[in-house]
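One-letter residues, chain by chain:
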Amino acid sequence: MTGWPLSALDLAALLVFLGCWTGYSAVVDRIPSIRSRSVIAAMDMHRRTWMRALLTRDNRISDTAIIGNLMASTSFLANTSIFILAGLVALLGAPDLGQRALSALPFAQPPATDFAWELRIILLIFIFVRAFFELTWALRQFNYCSIVVGGIGMGDGALPQADMAAEVANRAARHFNTGLRAYYFGLAALTWILHPVALILASLLVLRELHRREFRSVVREALTRG
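Predicted model only: the values in this text are computed from it and were never measured. (Residues numbered from 1 in each chain as written. Predicted model: local features only at pLDDT ≥ 70, side-chain atom pairs only at ≥ 80, totals over all residues. Heavy atoms only, no water.)

A. Structural detail: the overall build of the chain. What the chain contains, in helices and strands, is nine helices and zero strands. Overall, the chain shows an N-to-C arrangement of helices and strands of α-α-α-α-α-α-α-α-α. Referenced to the eigenvectors of the C-alpha coordinate spread, the extents of the chain come out at roughly 70 × 35 × 30 Å. Per-residue burial over the chain gives 41% buried out of 226 residues. With the model as given, the accessible surface of the chain reaches about 12,200 Å², and the carbon-plus-sulfur share is 68%. A gap of 5 Å separates the mean positions of the 21 positive and 15 negative side-chain charges of the chain. (Helix = DSSP H or I, 4+ residues; strand = E, 2+ residues; numbered from the N terminus. Buried < 20%, exposed > 50% of the residue type's maximum accessible area, 1.4 Å probe, protein only. Areas by Shrake-Rupley, 256 points an atom, 1.4 Å probe, with all protein chains shown as cover. Lys, Arg positive; Asp, Glu negative; His and termini not counted. Charge placed at Lys NZ, Arg CZ, Asp CG, Glu CD.)

See below:
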C-alpha cells in the first residue's frame, strides 16, 4: 500500500508487543488456576489475614499508617503518569526535533515519516492513560478501604466487615498491579522509537521479568510459605 507508514517489521513488532501485554494480563488475571500461584494471590490471603487481625486489637494506628503508605505509593505513580503524558503530548507536536535527536544514536532507526512518529507517541499516550485510570481507581479503592477499616468492630461478630475490607483492599491492589504493569510495558513501547527489533526484544524481556517476579521470585516463595 502506497504511503503506508509501517513496515512489515514494524507490524510484527507491534503485534508481539500487544500479544505480550494483553496476552499476559489475560492469562494471569483471568485463569484462576494460574492466578492462584502468583504473588498477587499470595498477597490476597495476607491482606485477608491482616483485616481479620484487626478484630483482636483496639488500637489501629498502625493499620491506618499501612493504608496511608499504600495510598502514597499509588498517588506517586498516578501523578508521575500525568507528567509523562505531558511530555508525550509535547513530543507529539515536535516530530522533527525527536527524529533529529534519534538520528544521532547508533543503531537507531527513527520513524521515516511524521505519521509513523506520531503513531509511536500515540501508543505511549494510550499506555500511560491506561496506567493513570488504573492507578487512580486503585487510589480511590484504598480510600474506601480506610473508611471501611474505621467502621470495623471488635470480635468475631465483625468478621463480615473484615472480609469486606479485605476484598476492597485486594481489588485496589489488583488495579494497582495493572497500572504498574502498564509502566513496564510503557518502557518497552518506548524502544519502538529506536528500532522495531528493540521493541520485540524489550517486550519479551518485560514478559520474562513479570513472570519471574510474580511466579518464580524468592518473595513469592516466602509469601506462600507464610
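B. Geometry of helix H4 (residues 61-92). Taking 1.5 Å as the rise per residue, H4 with 32 residues should run 46 Å; its terminal C-alpha atoms sit 47 Å apart, in good agreement. Residues of H4 that are buried include every one of Asp63, Ile67, Thr74, Leu77, Ala78, Ser81, Leu85 and Leu88, and no others. Contact partners of the buried residues in H4: helix H3 (39-53), helix H6 (114-150) and helix H7 (159-190). (Expected span 1.5 Å × (residues − 1). Contact = heavy atoms within 4.5 Å.)

C. Representation of the nonpolar core. Phe17, Ile121, Leu123, Leu124, Ile127 and Phe185 are the most contacted members of the largest nonpolar core, which totals 34 residues. For this core, the secondary structure elements donating two or more residues are helix H1 (8-30), H4, H6, H7 and helix H8 (196-215). For this core, the element with the most residues is H6, which contributes nine residues. Not counting residues within four places of it along the chain, the set of residues in contact with Phe185 comprises Phe17, Cys20, Trp21, Ile127, Ser203, Val206 and Leu210. The next biggest cluster of nonpolar side chains, apart from the first, holds 14 residues, and it includes Trp50, Ile67, Ile152 and Ala169. (Core = buried A, V, L, I, M, F, W, Y, C linked by side-chain atoms within 4.5 Å.)

D. Main features of the side chain of Thr191. With respect to the secondary-structure elements, Thr191 resides in the loop between H7 and H8. When its relative accessible area of 19% is taken as the criterion, Thr191 is described as buried. In this structure the side chain of Thr191 is engaged in a polar contact, spanning 3.2 Å, whose partner is the backbone oxygen of Ala198. Separated by 3.4 Å, the side chain of Thr191 and the backbone nitrogen of Leu199 make a polar contact. (Polar contact = N/O pair within 3.5 Å; in protein donor to acceptor, adjacent residues only side chain to side chain.)

E. Local environment of the environment of Arg47. Tracing the backbone through its elements, the reader meets Arg47 in helix H3. Given the relative accessible area of 11%, Arg47 is considered buried. The contacts of Arg47, once residues within four sequence positions are left out, are Ile40, Ala166, Ala169, Asn170 and Ala173. Of the polar contacts made by the side chain of Arg47, one reaches the side chain of Asp44; its length is 2.9 Å.

F. Highlighting the packing of aromatic side chains. All chains considered together, the criterion is met by seven aromatic pairs. Measuring from centroid to centroid gives 6.2 Å for Trp21 and Phe126, while their planes differ by 70°, and the two rings are edge-to-face. Of the two residues, Trp21 sits in helix H1 while Phe126 sits in helix H6, which places them 105 residues apart along the sequence. By relative accessible area, Trp21 is classed as buried at 7%. Over the face of the ring belonging to Trp192 we find Arg120, whose NZ or CZ atom lies 4.4 Å from the ring centre. (Phe/Tyr/Trp six-rings, centres within 6.5 Å; stacked < 30°, edge-to-face > 60°. Lys NZ or Arg CZ within 6 Å of the ring centre and 35° of its normal.)

G. Molecular detail of the side chain of Ser217. Turning to its location among the elements, Ser217 is positioned in the loop between H8 and helix H9 (218-225). Look at Ser217 and you get buried, because its relative accessible area is 11%. Separated by 3.1 Å, the side chain of Ser217 and the backbone nitrogen of Arg220 make a polar contact.

H. Representation of the packing of H1 against H8 within the structure. Close contact between H1 and H8 brings their axes to 7 Å; oriented N to C, the two are set at 15°. Considered as vectors, H1 and H8 are oriented roughly parallel to each other. Two packed elements cross with a definite hand, and for H1 against H8 that hand is left-handed. Across from Leu9, Asp10, Ala13, Leu14, Val16, Phe17, Cys20, Tyr24 and Val28 in H1, the residues of H8 making contact are Pro196, Val197, Leu199, Ile200, Ser203, Leu204, Leu207, Leu210, His211, Glu214 and Phe215. Here the contact of H1 with H8 is built from residues that sort into 16 nonpolar, two polar and two charged. (Axes fitted to C-alpha atoms, helices over the stretch in contact; angles between N-to-C directions. Parallel < 35°, antiparallel > 145°, perpendicular 65-115°, else oblique. Left-handed = near helix turned anticlockwise from the far one by under 90°. Nonpolar A, V, L, I, M, F, W, Y, C, P; charged D, E, K, R; others polar.)

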